Amino acid sequence: MKNWHWIILGILFLVTLVFEFTFLADYDSHWWNSIPAFYAIFGFVSCIVIIYFAKFIAKNIVNRDINYYD
Amino acid sequence: MIELLTIPGVILIIGAVLLALLPEKFRSSAFLLFPIAALAFVITRPDGYSVTASLGNFELIVMEVDALSRVFGIIFAITAFVAGTYAWHIKDLGQQVNALVYAGSALGVTFAGDLLTLIIFWELMAVSSTWLIWANRNEASDKAGMRYLIYHVLGGGLLLGGILWHYMDTGSLLVESLAQEYTIGNVMMLIGVSINAAVIPLHTWLADAYPKATVTGAVFMSAFTTKSAVYVLIRVFPGWELLIWFGAAMAIYGVVYAVICKDIREILAYHIISQVGFMVCGIGIGTDLALNGATAHAYSHILYKSLLFMSTGAVLYATGTSKLVHLGGLAKKMPYVLGLYLVGGFSISGLPLFNGYISKSMTISAAGYAHNEAAMLMLLFASVGTFLSVGLKLPYYTWFGKEDNDIEVKPLPKNMYIGMGMAAFACIFYGLYPQALYMYLPFDADYNPFTIYHFVEVTQISLMTFAGFWLLRKKLAGELIIALDVDWFYRKATPAARRVFVHGVDNFYDRVEEKIWDIAGFLTKKFKNPMLWLNPFTDRKNVASRYSPSMEVIMSFILFTILVFSLVYLT
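Every value quoted in this text rests on a predicted model; they were computed, and no experiment measured them.

Cut-offs and rules
- Residues numbered from 1 in each chain as written.
- Chains lettered and ligands numbered in written order.
- Predicted model: local features only at pLDDT ≥ 70, side-chain atom pairs only at ≥ 80, totals over all residues.
- Heavy atoms only, no water.
- Helix = DSSP H or I, 4+ residues; strand = E, 2+ residues; numbered from the N terminus.
- Rg over C-alpha atoms; globule rule 2.2 N^0.38 Å.
- Buried < 20%, exposed > 50% of the residue type's maximum accessible area, 1.4 Å probe, protein only.
- Areas by Shrake-Rupley, 256 points an atom, 1.4 Å probe, with all protein chains shown as cover.
- Lys, Arg positive; Asp, Glu negative; His and termini not counted.
- Charge placed at Lys NZ, Arg CZ, Asp CG, Glu CD.
- UniProt positions renumbered as here; feature names shortened; annotations may be inferred.
- pLDDT = per-residue confidence, 0-100.
- Contact = heavy atoms within 4.5 Å.
- Buried area = accessible area lost by both parts, 1.4 Å probe.
- Salt bridge = Lys/Arg side-chain N within 4 Å of Asp/Glu carboxyl O.
- Polar contact = N/O pair within 3.5 Å; in protein donor to acceptor, adjacent residues only side chain to side chain.
- Nonpolar A, V, L, I, M, F, W, Y, C, P; charged D, E, K, R; others polar.
- Pairing = 2+ DSSP bridges.
- Core = buried A, V, L, I, M, F, W, Y, C linked by side-chain atoms within 4.5 Å.
- Axes fitted to C-alpha atoms, helices over the stretch in contact; angles between N-to-C directions.
- Parallel < 35°, antiparallel > 145°, perpendicular 65-115°, else oblique.
- Patch = residues over 30% accessible without salt bridge, like charges linked within 9 Å, V, L, I, M, F, W, Y side chains within 5 Å.
- 1 Å grid on protein atoms, 1.4 Å probe; cavity = no way out; pocket = protein on both sides within 12 Å on 5 of 7 lines; lining within 4 Å.
- Points joined across faces, edges and corners; volume = space filled by probe spheres on them.
- Expected span 1.5 Å × (residues − 1).
- Bend = angle between axes of the 7 residues up to and from the residue.
- Phe/Tyr/Trp six-rings, centres within 6.5 Å; stacked < 30°, edge-to-face > 60°.

The subject of this paragraph is the overall build of chain A. When its secondary structure is counted, chain A shows two helices and one strand. The linear arrangement of helices and strands in chain A, starting from the amino end, is α-α-β. Relative to its length of 70 residues, chain A is extended, with a C-alpha radius of gyration of 19 Å against a globular reference of 11 Å. Principal-axis analysis of the C-alpha atoms gives chain A an extent of 60 × 35 × 15 Å. Across the 70 residues in chain A, those meeting the buried criterion constitute 30%. Only carbon and sulfur atoms are counted for the fraction: they give 71% of the accessible area of chain A, which is about 4600 Å². Where the 4 positive side-chain charges of chain A centre and where its 5 negative ones centre are 19 Å apart.

Okay, here's the thing in structure tokens:
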């Protein structure tokens, strides 16, 4: 990842924040809509949770040697 | 009678028979004609068109067209064509014939108007798809194919049992939506269909068999079995609340395993479970929007999932391996495949302007509109995992990652690129112009995916998933492992089961056989001359030649009487 890639992603993120705070009228339908940048937080946290959770069960429960069933 | 030949499923099955009679060089091209013919029939039949036939006392509705079956029929026929193009270079008659029968029986299930027709095509689908695993002709695929077949025979048996039970209860064989009542017949049917839909914990056949199917076979398999089951669920079990939670759990279960697995086709196989989870959840919600969402998602899913299986198949074909640990750094060697893969990867992740976006957001919004917020968050959580594993991890460790990989890359046949190109085009086309799909959706529900809310939702989630991936990408590197799943229970139980059900039964029959021989020997010995023990007061052996004449007369008379008696009374 070069620097300009990160800059583009940063700009895109800013655009979504601007949209969220200026255009979005739909604040009632779900409880989480009142949390600013909820989906960004949700995405990041979920991603970390999935990686660590998968790593955990892989290490402790499901991973076996490739010839396990033979 | 002639109408029976115009049923789309039958067209393909007749095609399979004709294919076997053609010389090899025309076969692959002829393969493509039948899906086109089927597609033409699917599109031109009006709503309510039906074909009936009678079997014994039953009046069968072998084909019935409405909006729901039409949209599934269209995508099945299109996929058969696209996958056929991708497999154009294959010269293996067995695979070609079975692929066509498989596609035909999926179409047959789609248009079946009664449950008997449905079960016939259902079983045909199981048998023909098994061939696509066995066609790999190695030990792993032989065994996996057998497990796959046993699992589906079990599922088909449950479905048939359920159908018969349902028929005894209600006297109806129509394929129609059932009220949510957990009667024995309904539950058996639900479990039978759930096996094909890979509902957890009945999903292990999928992750077990698909990675071991042939490169081209997996493309067909990714499209038909689970999606025809989704069709049956939409048709027969809409709004069954249990399905919401099973679906949401499937969606998460699939992505967690996709993060764990280190084989590119296994990642995609687990991802089918996750994606079908979205559909199953939508079916459970059961509103018009949710059912439309499940239908649209099945349609989109077939397109991008076959694209993903085609491009990972291309990697396997070119490099001979599908393990992430051996792959990496292919970006310069296979740039086009990377580009085509990313179209599929972005579609499945539901990024805007790709076709996953227009259908996945519909299912998730339907959960939101139904105020099922737990289900909605579970689905959003699953889509984070989707982007993480299929959109980021898989391409990163296949095409980037290590730069110095000196793995040899075989050139791909042109037709593989054409097949992938067609699917990629469809993914982008429907992403830009969703109306082309929405107009075929069966239920009446307006939906616009291109709202600022959805854009914000999807973009924020994807950007932050990317950030999380980039931070922790080293944790996802490939290693040579297998991940256990609940198939452990039956795979590890095989020796014990064999002892009980094979050797046990064998031994029992051996013993019985021995005893019967003993008894037969004993009886023949005794009855050779019954006078020996019927007349214990003499030690003289009674031999017929020494009978007195009067005794002979009496004996003949008795015999004569028996003969007359049997003539008169027994004839």
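UniProt annotation of "transmembrane region" (unreviewed entry) refers to residues 7-25 and 37-58 of chain A when read in the numbering used here. In residues 37-58 of chain A, the share of helix is 95% and the share of strand is 0%. The end C-alpha atoms are 32 Å apart.

It should be kept in mind that the predicted coordinates are not to be read in detail where pLDDT is low. Across chain A, the average pLDDT comes to 85, with 93% of residues at 70 or higher. In the model of chain A, strand 1 (residues 63-64) of chain A stands out as the element of lowest mean pLDDT, 85, in contrast to helix 2 (residues 38-62) of chain A, which has the highest, 91.

A word on the interface of chain A and chain B. The interface is formed by 44 residues belonging to chain A together with 45 residues belonging to chain B. Counting each side, the surface lost to burial between chain A and chain B is near 4300 Å², with a carbon and sulfur contribution of 79%. When the area that chain A buries against chain B is broken down by residue, the three leading residues are Y39(A), I50(A) and Y69(A), summing to 18%. The tally of links from chain A across to chain B stands at one salt bridge. Across the salt bridge formed by E479(B) and K55(A), the nearest N and O atoms sit 3.8 Å from each other. The interface formed by chain A and chain B contains nine residue pairs in polar contact (both at pLDDT 80 or more). Only helix 1 (3-22), helix 2 and strand 1 of chain A provide two or more residues apiece to the side of chain A that touches chain B. At 20 residues, the largest contribution of residues to the side of chain A that touches chain B is made by helix 2 of chain A. Its residues assigned to classes, the side of chain A that touches chain B shows 32 nonpolar, seven polar and five charged.

Residues and elements named next belong to chain B. When strand 1 (residues 50-55) meets strand 2 (residues 58-64), the two strands line up antiparallel, connected through six bridges. Directly across from V51, in strand 2, lies its bridge partner M63. Counted between consecutive antiparallel strands, the loop separating strand 1 from strand 2 contains two residues, among which G56 sits at a positive phi close to 60 degrees.

Residue and element names in this part refer to chain B. Formed by 197 residues in total, the largest nonpolar core has its most connected members in F72, W122, Y210, F224, F237, W399 and M420. By residue number, the principal contributor to this core is helix 12 (residues 288-319), which donates 18 residues. Setting aside residues no more than four positions away along its own chain, W399 makes contact with V315, G329, L330, A331, M334, V337, L338, Y341 and L394.

Attention now moves to the packing of helix 7 (residues 184-196) of chain B against helix 9 (residues 215-236) of chain B. Residue and element names in this part refer to chain B. At their nearest, the axes of helix 7 and helix 9 sit 7 Å apart, and the two run at 150 degrees to each other. Judged on the interaxial angle alone, helix 9 and helix 7 are roughly antiparallel. Note on element contacts: helix 9 touches helix 7 through T225, T226, A229, V232, L233 and V236, opposite M189, L190, V193 and N196. Per-class residue counts for the contact of helix 7 with helix 9 are seven nonpolar, three polar and no charged.

Another aspect to go through is a nonpolar patch on the surface. All names here are of chain B. Taken together, the side chains of F557, F560, V564, F565, L567, V568, Y569 and L570 present a nonpolar region at the surface, about 950 Å² in accessible area. Considering the arrangement of structural elements, one finds Y569 in helix 22 (residues 549-570). Assessed through its relative accessible area of 60%, Y569 is described here as exposed.

Attention now moves to a negative patch on the surface. All names here are of chain B. A cluster of acidic residues, D506, D510, E513, E514 and D518, forms a negative patch on the protein surface. Positionally, E514 belongs in helix 20 (residues 494-527). Residue E514 is classed as exposed on the basis of its relative accessible area, which comes to 52%.

With that out of the way, let us pick up the environment of F23(A). Checked against the element boundaries, F23(A) lands in the loop between helix 1 and helix 2. Residue class for F23(A) comes out exposed when judged on its relative accessible area of 52%. Not counting the four nearest positions on each side in its chain, F23(A) is found in contact with V18(A) and I452(B).

The space that makes up the largest pocket amounts to roughly 1500 Å³. For the largest pocket, the lining is made up of 47 residues, of which Y69(A), R147(B), D208(B), K212(B) and R491(B) are closest to its centre. Listing elements by their share of the lining of the largest pocket, those giving two or more residues are helix 6 (139-170), helix 8 (204-209), helix 11 (264-285), strand 3 (482-483), helix 19 (487-492) and helix 20 of chain B. Across the lining of the largest pocket, the residue classes tally to 23 nonpolar, nine polar and 15 charged. Put simply, the second largest pocket is a space of about 760 Å³. Contributing elements (two or more residues each) for the lining of the second largest pocket: helix 1 of chain A together with helix 13 (335-348), helix 15 (373-399) and helix 18 (452-472) of chain B. For the lining of the second largest pocket, the element with the most residues is helix 18 of chain B, which contributes eight residues. Class assignment for the residues of the lining of the second largest pocket results in 20 nonpolar, four polar and one charged.

What follows is about empty space enclosed by the protein. All names here are of chain B. In total, this model carries four cavities of 30 Å³ or more according to the counting rule given. As for the largest cavity, its lining consists of 16 residues, and the residues nearest its centre are S349, G350, K360, S383 and V458. Every residue lining the second largest cavity is counted, 13 residues in all, and those nearest its centre are F31, A87, I90, Q96 and F220. Where the lining of the second largest cavity is concerned, the elements lending two or more residues are helix 2 (24-44), helix 4 (93-111) and helix 9.

Let us look at helix 2 of chain B. All names here are of chain B. Taking 1.5 Å of rise per residue, 21 residues should cover 30 Å, and helix 2 covers 32 Å from first to last C-alpha, within 8% of that figure. The largest bend in helix 2 amounts to roughly 25 degrees and is located at A30. Along helix 2, the residues that are buried comprise R27, S28, A30, F31, L32, F34, P35, A38 and V42.

Residue and element names in this part refer to chain B. Tallied over the entire structure, the rule returns 39 aromatic pairs over all chains. A centroid spacing of 5.4 Å and a plane angle of 70 degrees characterise the contact between F76 and F224, whose relative ring orientation is edge-to-face. Taken together, the residues F76 in helix 3 (residues 67-86) and F224 in helix 9 connect sequence positions 148 residues apart. For the pair F76 and F224, one class covers both residues: buried. Between the aromatic rings of Y182 and W240, the centroid separation amounts to 5.1 Å while the plane-to-plane angle is 75 degrees, which identifies the pairing as edge-to-face. Taken as a pair, Y182 in the loop between helix 6 and helix 7 and W240 in the loop between helix 9 and helix 10 (242-260) lie far apart in primary sequence, 58 residues in all. Among the aromatic residues, ring-to-ring pairing joins F31, F72, F76, Y102, F220, F224 and Y231 into one connected group.

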